[in-house]
Amino acid sequence: MFTELLNDTEADLIKAADYIKSGKVVGIPTETVYGLGADAANESAVRAVFEAKGRPADNPLIVHLASFSDADNYAKDIPDLARKLAERFCPGPLTMVMPKMDNIPYVTSGGLETVGIRVPSHSVMHRIIELSGTAIAAPSANTSGYPSPTTAQHVMRDMNGKISAVVDGGQSEFGVESTVISFDDEETARILRPGAVTREMLLEICKNVIIDPAILKEVEAGAKVASPGMKYKHYSPKADIIMVESDLAGFNRVVGNDYDNGVYALIFDGDEADCPYRHLTYGADSAQQAHLLFQRLRELDEIGAEKVYVRSPSTEGMGLAVYNRLIRAAGFEVIRI
Ligand code: AMP
Ligand code: MG
């Protein structure tokens with residue numbers, strides 16, 4: 001299949017929306033990461049998304065809407081708390097899991113009775129949803145297991161020949177996927193995946209916010225999980241990633257004592273003064289680290305890194321999202337000093 005590279009002109013967005021309407025799969029920019037979009041109500045189109053990614057069939061796709069007022073067409077029993085959160089955070093990087101209506105097929109929901117709804121703020125994604133006149137199911141546009149794409153070129157690398165088109169809308173602003181929450185009761189949100197809408201931000205609206213334990217540690221084989229994505233290996237480049245929770249001196253000792261070929265470090269901006277080993281940096285604060293993380297993981301593969309020691313980020317605020325992605329990229333391999 002030829003994969004067309006489209007721009008963000010109105011003519012190209014009309015083309016992208018026409019592809020979606022006719023059951024094809026298109027790579028689309030969003031403010032979080034690039035998504036692999038298909039008509040959420042079209043079973044064969046959604047199956048093609050799973051196939052292009054190699055995604056396990058039980059891992060549901062998030063359904064993207066132009067406005068939260070459309071949620072009543074796809075979800076039922078929407079809690080008042082969800083409506084309040086939507087007023088504050090939609091459009092934006094927040095996905096809310098709610099009971100699904102029958103027009104969301106089980107292929108899209110991964111066999112669940114629920115659907116994750118999000119209203120993206122990126123103007124290109126927003127326009128394509130509007131023009132297509134449907135809800136767009138879209139997972140991240142990477143090959144399953146590999147780091148998520150934050151540029152159209154990343155999507156091309158993973159999806160060239162497998163999908164109809166990729167729309168280039170520049171680099172994704174946040175760089176990590178949306179915050180996913182479900183509702184334990186009328187006052188309580190549960191974070192299933194951390195993102196740019198942080199626990200602190202949710203607490204401005206919710207009385208209680210629970211961080212699901214699976215966010216920070218490995219799920220045991222066979223355990224029941226609140227979100228299927230928690231079970232799978234994720235975000236991993238080919239290189240072996242090892243997290244190091246330490247100050248800079250301790251980190252430098254660990255890396256400095258490893259003489260293997262192909263050893264690299266991924267450190268913070270500001271760490272690099274006289275560090276004796278090969279390295280890349282991924283920002284100085286949590287927002288920059290989120291913005292750069294997946295790009296750096298892909299670059300490490302391109303430069304031939306085989307083993308990468310990563311300075312563990314803060315888990316405060318948006319740092320929790322960065323930590324959650326990295327610890328999965330590392331397959332939970334952590335050195336603590
Ligand atoms: P991605 O499509 O790559 O952004 O990943 C979507 C994430 O949202 C995965 O971890 C899914 O398991 C999670 N998710 C989507 N829909 C639901 C749902 N209905 N219930 C629980 N988790 C969901
Ligand atoms: Mg993904």
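You'll find the structure just up there.
Please read these numbers as outputs of a predicted model, since none were measured by experiment. (Residues numbered from 1 in each chain as written. Chains lettered and ligands numbered in written order. Predicted model: local features only at pLDDT ≥ 70, side-chain atom pairs only at ≥ 80, totals over all residues. Heavy atoms only, no water.)

**Points about the packing of helix H9 (residues 286-302) against helix H10 (residues 319-329)**
In step 1: For the pair H9 and H10, the least separation of the axes is 8 Å and the interaxial angle reads 25°. Of the possible angle classes, the one that applies to H9 and H10 is roughly parallel. Here the hand of the crossing between H9 and H10 comes out left-handed. Across from Ser-286, Gln-289, Ala-290, Leu-293, Phe-294 and Leu-297 in H9, the residues of H10 making contact are Gly-319, Val-322, Arg-325, Leu-326 and Ala-329.
In step 2: Looking at the contact of H9 with H10, its residues break down into seven nonpolar, three polar and one charged. (Axes fitted to C-alpha atoms, helices over the stretch in contact; angles between N-to-C directions. Helix = DSSP H or I, 4+ residues; strand = E, 2+ residues; numbered from the N terminus. Parallel < 35°, antiparallel > 145°, perpendicular 65-115°, else oblique. Left-handed = near helix turned anticlockwise from the far one by under 90°. Contact = heavy atoms within 4.5 Å. Nonpolar A, V, L, I, M, F, W, Y, C, P; charged D, E, K, R; others polar.)

**Comments concerning the sheet that holds strand E12 (residues 240-245)**
In step 1: Spatial ordering of the open sheet is given by E14-E13-E15-E12-E16, a layout of five strands whose pairing is parallel. Across the chains shown, the open sheet's two edge strands, defined by having one partner strand only, are strand E14 (279-281) and strand E16 (334-336). Strand after strand, the sheet turns through a mean of 20° between neighbouring axes, direction not considered.
In step 2: Two strands pair when backbone bridges link them, and strand E13 (residues 263-267) and E14 are joined in this way by three bridges, in the parallel orientation. In the sheet register, Ile-267 faces E14, and the bridge partner there is Thr-281.
In step 3: Running at roughly 170° to E13, H9 makes contact with E12, E13, E14 and strand E15 (307-311) of the sheet.
In step 4: Set on the sheet, H10 makes contact with E12, E15 and E16; between it and E12 the angle comes to about 130°. (Pairing = 2+ DSSP bridges.)

**Quick notes on the packing of aromatic side chains**
In step 1: As enumerated under the stated definition, the model contains three aromatic pairs in all.
In step 2: Seen from their ring centres, Phe-251 and Tyr-277 are 6.2 Å apart, and the 70° between their planes marks the pair as edge-to-face. With Phe-251 in helix H8 (residues 248-256) and Tyr-277 in the loop between E13 and E14, the pair connects residues that are 26 residues apart, well separated along the chain.
In step 3: Residue Tyr-277 is classed as buried on the basis of its relative accessible area of 11%.
In step 4: Between Phe-268 and Tyr-282, the aromatic rings sit 5.7 Å apart at their centres with planes inclined by 45°, giving tilted as the arrangement. Pair noted here: Phe-268 is in the loop between E13 and E14 and Tyr-282 is in the loop between E14 and H9, with a separation of 14 residues, a long-range link.
In step 5: Positioned above the aromatic ring of Tyr-106 is the side chain of Lys-100, whose terminal nitrogen or guanidinium carbon lies 4.2 Å from the ring centre. (Phe/Tyr/Trp six-rings, centres within 6.5 Å; stacked < 30°, edge-to-face > 60°. Buried < 20%, exposed > 50% of the residue type's maximum accessible area, 1.4 Å probe, protein only. Lys NZ or Arg CZ within 6 Å of the ring centre and 35° of its normal.)

**Brief notes about the sheet that holds strand E5 (residues 94-99)**
In step 1: The strand order across the open sheet built from eleven strands is E1-E8-E2-E3-E7-E4-E6-E5-E9-E10-E11, with neighbouring strands paired in mixed fashion. Each end of this open sheet is capped by a strand with a single partner; those strands are strand E1 (4-6) and strand E11 (208-211).
In step 2: As judged from the three bridges shared by E1 and strand E8 (residues 165-167), these two strands associate in the parallel manner. Each residue of the ladder has a partner; that of Glu-4, found in E8, is Ala-165.
In step 3: Along the sheet, helix H1 (residues 10-21) contacts E1, strand E2 (26-28), strand E3 (35-39), strand E7 (136-137) and E8; its crossing angle with E1, the most-contacted strand, is approximately 130°.
In step 4: Strands E1, E2, E3 and E8 of the sheet are contacted by helix H6 (residues 152-159), whose axis makes an angle of about 165° with E8.

**What about the site of ligand 1?**
In step 1: Lining the immediate environment of ligand 1, one finds 17 residues, of which Asn-59, Thr-114, Pro-139, Ser-227 and Gly-229 sit closest.
In step 2: The separation between a nitrogen atom of ligand 1 and a polar side-chain atom of Thr-114 is 3.0 Å.
In step 3: For ligand 1, an oxygen atom lies 3.1 Å from a polar atom in the side chain of Arg-193.
In step 4: In isolation ligand 1 has 500 Å² of accessible area, and contact with the protein removes 93% of it.
In step 5: Ranked by residue count, the leading element in the shell around ligand 1 is strand E6 (residues 114-118), at three residues.
In step 6: Each residue belonging to the shell around ligand 1 can be placed in one class, and the counts come to nine nonpolar, six polar and two charged. (Near = heavy atom within 4 Å. Polar contact = N/O pair within 3.5 Å; in protein donor to acceptor, adjacent residues only side chain to side chain. Areas by Shrake-Rupley, 256 points an atom, 1.4 Å probe, with all protein chains shown as cover.)

**Re the side chain of Glu-177**
In step 1: Structurally, the position occupied by Glu-177 is in the loop between E8 and strand E9 (179-185).
In step 2: A polar contact is formed between the side chain of Glu-177 and the side chain of Ser-148, at a distance of 2.4 Å.
In step 3: At a separation of 2.8 Å, a polar atom in the side chain of Glu-177 contacts the side chain of Arg-325.
In step 4: In contact with Glu-177, not counting residues within four places along its chain, are Thr-32, Val-33, Ser-148, Arg-193, Pro-194, Gly-195, Tyr-235, Phe-294 and Arg-325.

**Thoughts on the layout of surface pockets**
In step 1: Volume-wise, the second largest pocket comes out at about 180 Å³.
In step 2: Considered class by class, the residues forming the lining of the second largest pocket number four nonpolar, one polar and five charged. (1 Å grid on protein atoms, 1.4 Å probe; cavity = no way out; pocket = protein on both sides within 12 Å on 5 of 7 lines; lining within 4 Å. Points joined across faces, edges and corners; volume = space filled by probe spheres on them.)

**So, helix H2 (residues 43-53)**
Along an α-helix, residues three or four apart share an orientation, since each turn contains 3.6 residues.
In step 1: Every buried residue belonging to H2 is among Ala-45, Val-46, Val-49, Phe-50, Ala-52 and Lys-53, and all of these are buried. Within H2, the buried residues cover an arc of 165° as seen down the axis, which keeps them to one side. Away from the buried face of H2 by more than 90 degrees, exposed residues Ser-44 and Glu-51 are located.
In step 2: Those residues of H2 hidden inside the fold are in contact with E3, helix H4 (106-109), E7 and H6.
In step 3: Among the residues trailing H2, Gly-54 stands out with phi positive, at a value near 70°. (Arc of directions from axis to C-beta.)

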